[in-house]
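Chains, contacts and geometry: an overview
Chain by chain, the residues run as shown.
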Amino acid sequence: WKARQVRRCIDCTTADKPVTAKSKDEESCKGAAAAKAVDTKLPLDSKVFKAYERKHGTMAALQRSGEGGDGKAYAELGYIYAHGNGVARDQETACKYWIAGAACGDVECMGTLGARYCSGRGVPLDAAEGFRYYKMAADQGCAGGIYGTAICYENGEGVDVDLDEAQRLQKIAFDKVHADPAGAGGKARAAKYKEDIINALARIDSKKKGGRMGGAF
């Protein structure tokens, strides 16, 4: 799962209080949002969001939108901290926002957390948790989540090795990216995804044949 370029250019003059999501056992985003006042609803990129952003700044607007239940806002905040876009880079804070966004159902946050837990970047290394997040994204049809789940099956990260399942999932991921390059982040990113998938399929085929390289399909 490759982190995309943050689309927002911010002037971080507004104080920002990181979310306090701590684990998969936290209260769901839906329940947390319901506990907030109705006026915290601030759908990302809506007119009301843009008006609030002009008055209070991007960070404050994204925070408020996330508290209202918009997982995409938490995804944006995570990428802002991960890339140091107007703030000091802070991978732990980025992951806290992604955890909150995943609890809201945002598949981008789920897939990103899959990669983060499997690599131990910004969160403790936990392959089982990484597989869980990848699988959550995959179950919603996310190509990146399907690809990450396949890698876990190939390498036995958080799940038993299953090369047949890894191969099946990689082919599904390839078909999704090929059919919808825009959904994979554009033509350039889709081409890189397809290259990675083809390499993975060749690697899996080699493993199934005892190390002898063969065709990917």
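The sections below set out a description of the structure shown in this document. (Residues numbered from 1 in each chain as written. Predicted model: local features only at pLDDT ≥ 70, side-chain atom pairs only at ≥ 80, totals over all residues. Heavy atoms only, no water.)

Remarks on the pattern of salt bridges
By the definition in use, this model includes nine salt bridges. Of the charged contacts in the structure, one is a salt bridge between R132 and E129, with a shortest N-O distance of 3.1 Å. Of the two residues, R132 and E129 are both situated in helix α7 (residues 127-139); the distance of three residues between them amounts to about one turn of the helix. The closest approach of N and O atoms between R168 and E165, which form a salt bridge, is 2.8 Å. With R168 and E165 both in helix α9 (residues 163-179) and three residues apart, the pair spans about one turn of that helix. Residue R168 is classed as partly exposed on the basis of its relative accessible area of 42%. Through salt bridges with shared partners, one network takes in E154, R203 and K207. (Salt bridge = Lys/Arg side-chain N within 4 Å of Asp/Glu carboxyl O. Helix = DSSP H or I, 4+ residues; strand = E, 2+ residues; numbered from the N terminus. Buried < 20%, exposed > 50% of the residue type's maximum accessible area, 1.4 Å probe, protein only.)

Regarding the nonpolar core
Formed by 30 residues in total, the largest nonpolar core has its most connected members in L62, W98, L113 and Y133. Elements supplying a minimum of two residues to this core: α3 (58-67), α4 (71-83), α5 (91-103), α6 (107-119) and α7. It is α4 that provides the largest number of residues to this core, a total of eight residues. Those residues within four positions of L113 in sequence are excluded, and the remaining contacts are C95, W98, I99, A102 and Y133. In terms of nonpolar packing, the next biggest core, distinct from the first, is built from 25 residues, A150, A166, Y193 and I204 among them. (Core = buried A, V, L, I, M, F, W, Y, C linked by side-chain atoms within 4.5 Å. Contact = heavy atoms within 4.5 Å.)

A word on the side chain of T93
Summarising the element assignment, T93 is placed in helix α5. For T93, a relative accessible area of 9% translates into the label buried. Among the polar contacts made by the side chain of T93, one reaches the side chain of D90 at a distance of 2.9 Å. (Polar contact = N/O pair within 3.5 Å; in protein donor to acceptor, adjacent residues only side chain to side chain.)

Quick word on α9
Each α-helix winds once per 3.6 residues, and so residues spaced three or four apart point in a common direction. Along its 17 residues, α9 runs 24 Å from first to last C-alpha, staying within 8% of the 24 Å computed at 1.5 Å per residue. Taken as a whole, α9 has its buried residues at L163, E165, A166, Q167, L169, Q170, A173, F174 and V177. Residues of α9 that are buried in the fold lie against α8 (143-155) and α10 (187-208). Backbone nitrogen of D164 and a side-chain oxygen of the N-cap are separated by 3.3 Å at the start of α9; the cap is D162. (Expected span 1.5 Å × (residues − 1).)

A look at the side chain of Q63
In this structure, Q63 sits in helix α3. A residue is classified by how much of its surface remains accessible, and Q63, at 10% relative accessible area, is buried. A distance of 2.9 Å separates the side chain of Q63 from the side chain of Y97, its partner in a polar contact.

Scope: geometric values only; no functional claims are made or implied.
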